[in-house]
Amino acid sequence: MSQPRPSFIDSPYFIMECDNWHLTDDAPEELKKEFEEYMQGGTKVIDLSKYDEYLIAGKEGLDIKNNCPPNIKDELIELDKEYYTVYGEHLIKVECDYEESGVNPCPK
C-alpha cells in the first residue's frame, strides 16, 4: 500500500532549506505531529550505480533497458515501489522498457 504525499510539504508553514527542513513556529499542532513522524522515519539513500548498465535517463525519469535481466528488473521494480511509498512518485518508469536505439516503444 502506498503512502500519500505528506500534507506538510504543500503547507505555507513548511520551509525547505538545504539540510534544514522545518515548520514555522505558528504551524498547527496536527501539522507539527505529521512532520515529526515523517522526519523520524529517516531518509533512505538509494544507490543505483550498480544498475547503470540497465538504466537510461528518459524525459520522465529513469527507464529500464530491454537488455536488463529479469532478476535485476525485479530488483529495480522493488526499489521503485519503496521510493513511491515514501515520496508518492516513481523514480523508475517500470511499465515498459526503453529500447537500445533510444526509441521509446511505450504508447503515450
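The model shown is predicted, which means the values in this text are computed figures rather than measured ones.

## Some points on the confidence of the model for the chain
Predicted coordinates in regions of low pLDDT should not be interpreted in detail.
And step 1. Residues of the chain with pLDDT of at least 70 account for 79%, and the chain-wide mean is 78.
And step 2. Here strand 5 (residues 92-98) stands out as the element of the chain with the lowest mean pLDDT, 60, in contrast to strand 2 (residues 20-23), whose mean of 91 is the highest.

## Some points on the packing of aromatic side chains
And step 1. Following the criterion strictly, the structure yields five aromatic pairs and no others.
And step 2. Ring centres 5.3 Å apart and planes at 65° place the aromatic pair Phe8 and Phe14 in the edge-to-face group. Of the two residues, Phe8 and Phe14, neither departs from the other in class, the shared state being buried.
And step 3. Relative to Phe35, the ring of Phe8 has its centre 5.1 Å away and its plane inclined at 85°; by these criteria the two rings are edge-to-face. Of the two residues, Phe8 sits in the segment before strand 1 (14-17) while Phe35 sits in helix 1 (residues 29-40), which places them 27 residues apart along the sequence.
And step 4. What links up through ring pairs into an aromatic cluster is the set Phe8, Phe14, Trp21, Phe35 and Tyr38.

## Here's the deal with helix 1
And step 1. Taking 1.5 Å of rise per residue, 12 residues should cover 16 Å, and helix 1 covers 16 Å from first to last C-alpha, within 8% of that figure.
And step 2. Considered for burial, the residues of helix 1 that qualify are Leu31, Phe35 and Tyr38. Buried positions in helix 1, seen along its axis, are confined to an arc of 65° and lie on one side of it. Exposed residues pointing more than 90 degrees away from the buried face of helix 1 are listed as Glu29, Glu30, Lys33 and Gln40.
And step 3. Elements in contact with the buried residues of helix 1: strand 1, strand 2 and helix 2 (70-87).

Reading the values: the criteria
Residues numbered from 1 in each chain as written. Predicted model: local features only at pLDDT ≥ 70, side-chain atom pairs only at ≥ 80, totals over all residues. Heavy atoms only, no water. pLDDT = per-residue confidence, 0-100. Helix = DSSP H or I, 4+ residues; strand = E, 2+ residues; numbered from the N terminus. Phe/Tyr/Trp six-rings, centres within 6.5 Å; stacked < 30°, edge-to-face > 60°. Buried < 20%, exposed > 50% of the residue type's maximum accessible area, 1.4 Å probe, protein only. Expected span 1.5 Å × (residues − 1). Arc of directions from axis to C-beta. Contact = heavy atoms within 4.5 Å.

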